[in-house]
Amino acid sequence: MRPNAYLQTLNNNLMKYYSTNHSVPEVSLSEAVVKGLAADRGLFMPERIEKLPKEFFDNIEKLNLHDIAVRVAEAFFGEDVEPEALEKIVRDTLSFDTPVVEVEKDIYSLELFHGPTLAFKDVGARFMARLLQYFINKGSDGRTVNVLVATSGDTGSAVANGFLGVEGIHVYVLYPKGKVSPIQECQFTTLGKNITAIEVDGNFDDCQRLVKSAFLDVELNSRMLLTSANSINVARFLPQAFYYFSGYAQLKAKGRGEEIVVCVPSGNFGNITAGLIAHRMGLPIKRFIAANNANDIFYNYLQTGEYCPKASVQTLANAMDVGDPSNFARVLDLYAGKHEVIASLISGTTISDAEIAETMKRCYEQTGYVLDPHGACGYLALKRQLKEGETGLFLETAHPAKFLETVTDIIGKEIEIPERLQEFMNGKKQSVAMTSDFADLKSYLLQLS
Ligand SMILES: *Cc1c(COP(=O)(O)O)cnc(C)c1O
């Protein structure tokens, strides 16, 4: 029997998802979520992006984050998920706020770090976990769904915490031994329950190779139901649109709803693509800035029209160290590959480590606001490019305490560690030691099935 057969029982009236490579048939939402990547290696995109009505935007400042997010979620998932179930998924996902905070005149921070692992990835990971659980419950044949994820740090914590305690799902986080920070490690090794941390004697590429081999292994897939939770999954990517609407609503409530420039510290470009989708749905954003660190592939594309991926370089804003951003395919797809359209809506900039450090220090001294290294890229990009009469909103993608030593060194002051982060650090580390040989991972997984 095909392990995923029960997920393919949905009928034909639902939203379809096509591949950005256009060489395989469209699939249903449940299939796109379980598969992650299309069979032709393209990324899934929704066939329709609904424009929201004028009344919604006219009154948006009176709505709270949940009401806004439910309305946006209906536009994507309303045909596939019953209203009450969808509303519950959205409310459970957003168990925390996404406040807009004024940093200085004309510059605001959209703080996306108030979730359990203190980074914006909590939104997508929590949503995906709940949506997957919904599909499992619908078509249940009682089998556990096993989520395998390789991490260099941040993804593992967001996915593990997003799926923690979700029935019917077991998560295996593969991480490179000795190569993630202690704070990151404790966010997925101390959880227990349905989360197993696998400490691989190797590097991140080994972890990724092991996960890929597992998905390709016929015997393993016939014995257990395997899926991935990486960031290109539509269920992680689309919900990120929620907070762009909320950010706009909060600015509008402050009387700053015009001429808004949104700046996104970008790595794989999933976050900014969700913003571009919000824009397509009618959200009145004047233009976007994609802030790059030294990994300047997108910046170069904007200047030249040529996309030239290269090996990533390590920076202070390490979650943005990406040399071949996977969601670039989605950006191209949204604008039919037209460089001039993309470059008129999005501007770019590239920021060195020295500039990141100087920006964090100067912003703290002049405004009292503590930036993390990623948010610092967003803030500096706005300082460089914001014009008279515009309102700048940058996405503060992680809490500065996640980069404790870097931040403390740069601003010269101890920062407060949020309680939920401290709690992880007090937990007991539990992990399974693994070699980087696939045969070992396979026999480990098989003896569990
Ligand atoms: C993942 C991440 C980014 C980059 O987001 P993309 O969607 O990959 O562009 C930026 N900042 C932080 C803190 C992150 O964890």
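Before going into details, it helps to say that this report is about the structure given with it. (Residues numbered from 1 in each chain as written. Predicted model: local features only at pLDDT ≥ 70, side-chain atom pairs only at ≥ 80, totals over all residues. Heavy atoms only, no water.)

Considering helix H16 (residues 353-367)
Definition in use: Helix and strand labels come from DSSP, where a helix needs a run of H or I of at least four residues and a strand needs a run of E of at least two; each type is numbered from the N terminus. Expected helix span is taken as 1.5 Å per residue step, with the number of steps being one fewer than the number of residues. Here's how the labels work: a residue is buried when its accessible area is under 20% of the maximum for its type, exposed when over 50%, partly exposed in between, all with a 1.4 Å probe on protein chains only. Working definition: the arc comes from the directions between the helix axis and the C-beta atoms, pointing outward to the latter. Two residues qualify as a contact provided that any one of their heavy atoms is within 4.5 Å of a heavy atom in the partner residue.
For H16, which comprises 15 residues, the first-to-last C-alpha distance of 21 Å matches the rise-based estimate of 21 Å (1.5 Å per residue) to within 8%. Listed in full, the buried residues belonging to H16 are Ile356, Thr359, Met360 and Cys363. Along the axis of H16, the buried residues cluster in a sector spanning 100°; they form a single face. Away from its buried face, by an angle of more than 90 degrees, H16 presents the exposed residues Ala354, Glu365 and Gln366. Considering only its buried residues, H16 is in contact with strand S3 (100-104), helix H17 (373-385) and helix H18 (404-411). Just downstream of H16, glycine 368 is the residue with a positive phi angle, here 85°.

Considerations on unusual backbone geometry
Positive phi, normally seen in glycine, also occurs at histidine 22, with a value near 55°. With respect to the helices and strands, histidine 22 occurs in the loop between strand S1 (17-19) and helix H1 (29-35). Here histidine 22 falls in the exposed class, since its relative accessible area comes to 54%. Phi at arginine 41 takes a positive value of approximately 70°, unusual for a residue other than glycine. If you trace the backbone, arginine 41 turns up in the loop between H1 and strand S2 (44-46). The class for arginine 41 is exposed, based on a relative accessible area of 58%.

Here we look at the pattern of salt bridges
To keep it simple, the criterion reads: Salt bridge criterion: a side-chain nitrogen from Lys or Arg within 4 Å of a carboxyl oxygen from Asp or Glu.
The tally for this structure, following the rule as stated, stands at 28 salt bridges. Between arginine 48 and glutamate 79 there is a salt bridge, with the nearest N and O atoms lying 3.1 Å from each other. Remark: glutamate 79 occurs in the loop between helix H3 (65-77) and helix H4 (83-93) and arginine 48 occurs in the loop between S2 and helix H2 (54-58); sequence separation between them is 31 residues. Accessibility expressed as a relative area gives 40% for arginine 48, which makes it partly exposed. With a closest N to O distance of 2.9 Å, glutamate 365 and lysine 361 form a salt bridge. With glutamate 365 and lysine 361 both in helix H16 and four residues apart, this pair spans about one turn of that helix. You can call glutamate 365 exposed: its relative accessible area is 53%. The partly exposed category is assigned to lysine 361, whose relative accessible area is 37%. Put simply, Asp217, Glu219, Arg223 and Lys442 are held in one network by salt bridges that share partners.

Brief notes about the packing of aromatic side chains
Rules: Only rings of Phe, Tyr and Trp enter the pairing, Trp through its six-membered ring, and a pair is recorded when the two centres are within 6.5 Å. The plane angle decides the type: under 30 degrees is stacked, over 60 is edge-to-face, the rest tilted. Two limits define a charge over a ring: the Lys NZ or Arg CZ must be within 6 Å of the ring centre, and within 35 degrees of the ring normal.
Taken as a whole, this structure holds 15 aromatic pairs when the rule is applied. On the numbers, 6.2 Å between centres and 55° between planes, the contact of phenylalanine 56 with phenylalanine 245 is tilted. With phenylalanine 56 in helix H2 and phenylalanine 245 in helix H11 (residues 242-253), the pair connects residues that are 189 residues apart, well separated along the chain. Accessibility classification places phenylalanine 56 together with phenylalanine 245 in one group, the buried group. Aromatic pair tyrosine 175 and phenylalanine 188: ring centres 4.9 Å apart, planes at 70°, arrangement edge-to-face. Taken together, the positions of tyrosine 175 in strand S6 (residues 169-176) and phenylalanine 188 in helix H7 (residues 182-189) put the pair 13 residues apart, joining distant regions of the chain. Neither tyrosine 175 nor phenylalanine 188 differs from the other in exposure class; each is buried. An aromatic cluster of at least three residues, connected via ring pairs, comprises Phe269, Phe298, Tyr301, Tyr307 and Phe328. Lying over the aromatic face of phenylalanine 237, arginine 330 brings its terminal NZ or CZ to 4.1 Å of the ring centre.

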